[in-house]
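Spelled out from the first residue to the last, the chains are:
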Amino acid sequence: MTALSEYTTLRLGGPARTFLVAGTTDELVAAVTRADAAGEPVLVLGGGSNLVVSDDGFPGTVVLVDSKGVSFEEAGTDDEGEPVVLLRADAGVEWDPLVERVVAEGLSGLEFLSGIPGRVGSTPIQNVGAYGQDVSQTIREVLVHDRRTGERRRMTNAECGFSYRDSVFKGDDRHVVCEVVFALRRSKLSRPVAYAEVARTLGAEAGTRVPLERARETVLGLRRGKGMVLDPADPDTRSAGSFFTNPVVTAEEFAAVRERAAARLGADVQVPGHPDARGNVKLSAAWLIDRAGFTKGYGDGPARISGKHSLALTNPGGATTKDLLELAREVRAGVEEAFGVRLVNEPVMVGVSL
């Protein structure tokens, strides 16, 4: 049997009872349809960069999506008069090489998402985002196989129900993502810089636009410094990326967090918080983890917090999924005790729960 640890960036996960590779959308749909007809559990697997799989493996059919189709189509201009190009990419296309290609083609809209591991099909599920940009800003539509009706259909951006690191696809296996269509601008300049750390590194004002290549290289540099770019030679990058999402709390809850922080860390402590349009506040999970005592490199067992970033839980070698989850639970409980905030995992759990 195929060990799923060979197909996850954490290098964790037991065997799959049945393992298939789908090289085209038709093969993907056929494999899922056959398994559904047989009453088999199905796991659709992309790059494995956002999965935590049980040590017991998966008691059904795992379909590795390896479709490679990519095409471009001119689509008029946007509201600002800039040319629009539709990028159609199959679900099995590797994400970062695609971002590298569109940047080289002079297409703007994905540049701040450089260096993220995984494949195209996972991006709408998580509403993948980083450094002030997420895929919902450019996704035009998603081609899905509806396992309930057996039909393929195109879902609009609105139908995808995007929100922070979420969509109608997350936590619901009704739809199999087959293709994603992105609407990009033909421009040598990035979308406006929206993240303070990126702006500081670039030496640019927030809201300005910078050359695409410069935006990409800046993000890659920042991600490498945090161990968020996969490197086979560096066990500290053997993770699922950010293990916890940044909590979003009400203004009242934020005030309570600040009170707890002041009591714990001193009256002059500044708790990072970013208000949103709804009056809520997005906190920094990394800050909460670090200030709760779980510093970079924390852990004396086989699973550890990355030495480069507090948000990444890593398998330096020899860890099991059980080890990783024990560490994650310890961190979650510590943050909740310190600040009254319960962290939520970002990776998808397969056969396990936090």
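Small disclaimer: the values here were computed from a predicted structure and weren't measured. (Residues numbered from 1 in each chain as written. Predicted model: local features only at pLDDT ≥ 70, side-chain atom pairs only at ≥ 80, totals over all residues. Heavy atoms only, no water.)

**Remarks on the UniProt feature "domain: FAD-binding PCMH-type" (unreviewed entry) in the chain**
And step 1. UniProt's entry tags residues 12–187 with the feature "domain: FAD-binding PCMH-type" (unreviewed entry), counted in the numbering of this structure.
And step 2. In the segment residues 12–187, helix accounts for 15% and strand for 40%; the C-alpha atoms at its two ends are 41 Å apart. (UniProt positions renumbered as here; feature names shortened; annotations may be inferred. Helix = DSSP H or I, 4+ residues; strand = E, 2+ residues; numbered from the N terminus.)

**Looking at the pattern of salt bridges**
Pairing is possible between side chains of opposite charge, provided their charged atoms come close.
And step 1. Scanning the entire structure with this criterion turns up 26 salt bridges.
And step 2. Several salt bridges share partner residues, and in doing so they unite E73, R88, E141, R154 and E179 into one network. (Salt bridge = Lys/Arg side-chain N within 4 Å of Asp/Glu carboxyl O.)

**Considerations on the nonpolar core**
As a rule of thumb, nonpolar side chains are buried together in soluble globular proteins.
And step 1. In terms of nonpolar packing, the biggest core is built from 40 residues, with W95, L110, V120, V142 and F182 touching the most fellow members.
And step 2. Those elements that place two or more of their residues in this core are β7 (83–90), α2 (95–104), β11 (139–146), β13 (175–186), α4 (196–202) and α5 (212–225).
And step 3. At 5 residues, the largest contribution of residues to this core is made by α2.
And step 4. In contact with V142, other than residues within four places in its own chain, are P124, R153, R154, M155, C160, F169, V177, E179 and V180.
And step 5. Counting residues in each nonpolar core, the second largest holds 37 residues, with L324, L325, F339 and L354 among its members. (Core = buried A, V, L, I, M, F, W, Y, C linked by side-chain atoms within 4.5 Å. Buried < 20%, exposed > 50% of the residue type's maximum accessible area, 1.4 Å probe, protein only. Contact = heavy atoms within 4.5 Å.)

**Details of the sheet that holds strand β1 (residues 2–3)**
Within a sheet, each strand pairs with its neighbour through backbone hydrogen bonds, oriented either parallel or antiparallel.
And step 1. Ordered by their spatial adjacency, 4 strands build an open sheet running β1-β2-β5-β3, and the pairing between neighbours is mixed. Sheet topology places β1 and β3 (42–45) at the edges, where each strand pairs with a single neighbour.
And step 2. Across 6 bridges, the pairing between strand β2 (residues 15–22) and strand β5 (residues 58–65) is parallel. For T18, the partnering residue across the bridge sits in β5 and is T61. (Pairing = 2+ DSSP bridges.)

**A closer look at the UniProt feature "active site" (unreviewed entry) in the chain**
And step 1. Residues annotated in UniProt with the feature "active site" (unreviewed entry) correspond here to R165, S242 and E346. These annotated residues cover 182 residues of sequence, and their C-alpha atoms all fall within 11.3 Å of one another, placing them together at a single site.
And step 2. With respect to the element layout, R165 can be found in the loop between β12 (151–156) and β13.
And step 3. Owing to a relative accessible area of 14%, R165 belongs among the buried residues under this scheme.
And step 4. When neighbours within four sequence positions are excluded, R165 is seen to be in contact with Q126, N127, V128, G129, A130, D134, K170, T245 and E346.
And step 5. Reaching out from R165, the side chain makes a polar contact with the backbone oxygen of N127 at a distance of 3.5 Å.
And step 6. The class of E346 is buried, set by a relative accessible area of 14%.
And step 7. Sequence-distant contacts of E346, that is, excluding residues within four places in its chain, are made with N50, Q126, R165, K170, S242, F243, F244 and T245. (Polar contact = N/O pair within 3.5 Å; in protein donor to acceptor, adjacent residues only side chain to side chain.)

**A short note on the domain arrangement of the chain**
And step 1. In terms of domains, the chain is made up of domain 1 (2–65), domain 2 (70–225) and domain 3 (235–350).
And step 2. Summarising the inter-unit geometry, the C-alpha centres of domain 1 and domain 2 are found 25 Å apart.
And step 3. With 15 residues of domain 1 at the interface, the matching set in domain 2 holds 13 residues.
And step 4. Between domain 1 and domain 2, roughly 1100 Å² of surface is buried when both sides are summed, and carbon and sulfur atoms account for 54% of that area.
And step 5. Taken as a group, T25, V29 and V65 account for 35% of the area that domain 1 buries against domain 2, more than any other trio of residues on that side.
And step 6. Across the contact surface, domain 1 and domain 2 share 2 salt bridges.
And step 7. With a shortest N-O distance of 2.6 Å, D36 and R147 are connected by a salt bridge.
And step 8. Counting every contact that joins domain 1 to domain 2 gives 5 residue pairs in polar contact (both at pLDDT 80 or more).
And step 9. Those elements giving two or more residues to the side of domain 1 that touches domain 2 turn out to be α1 (25–37), β3 and β5.
And step 10. With 7 residues, α1 is the single largest residue contributor to the side of domain 1 that touches domain 2.
And step 11. For the side of domain 1 that touches domain 2, the residue count by class is 7 nonpolar, 6 polar and 2 charged. (Domains from an automatic or database assignment. Buried area = accessible area lost by both parts, 1.4 Å probe. Nonpolar A, V, L, I, M, F, W, Y, C, P; charged D, E, K, R; others polar.)

**Remarks on α2**
And step 1. Residues of α2 that are buried include every one of W95, D96, L98, V99, V102 and V103, and no others. All buried residues of α2 lie within an arc of 155° about the axis, which places them on one face of the element.
And step 2. In the core, the buried residues of α2 are packed alongside β6 (70–77), β7, β8 (107–108), α3 (123–126), β13 and α5.
And step 3. Backbone geometry just after α2 places G106 at a positive phi near 75°. (Arc of directions from axis to C-beta.)

**Describing helix α6 (residues 251–265)**
Side chains that are three or four residues apart share a direction in an α-helix, a result of its 3.6 residues per turn.
And step 1. With 15 residues, α6 ought to run about 21 Å at 1.5 Å a step, and its terminal C-alpha atoms sit 20 Å apart, in line with that.
And step 2. Taken together, the buried residues of α6 touch β14 (248–249), β15 (273–275), β16 (281–283), α7 (285–291) and α8 (321–339).
And step 3. G266 lies just past α6 and shows a positive phi near 120°. (Expected span 1.5 Å × (residues − 1).)

**Notes on the environment of P124**
And step 1. Following the sequence through the fold, P124 ends up in helix α3.
And step 2. Distance in space between the C-alpha atoms of P124 and D134 is 9.4 Å, their sequence separation being 10 residues.
And step 3. In contact with P124, not counting residues within four places along its chain, are V135, I139, V142, F162, S167, F169, V177 and V180.

**Details of the packing of aromatic side chains**
And step 1. Within this structure, the stated rule accounts for 6 aromatic pairs.
And step 2. Note on F243 and F244: the rings are 5.1 Å apart at their centroids and 70° apart in plane angle, and the pair reads as edge-to-face. Just as F243 is buried, F244 falls in that class too. (Phe/Tyr/Trp six-rings, centres within 6.5 Å; stacked < 30°, edge-to-face > 60°.)

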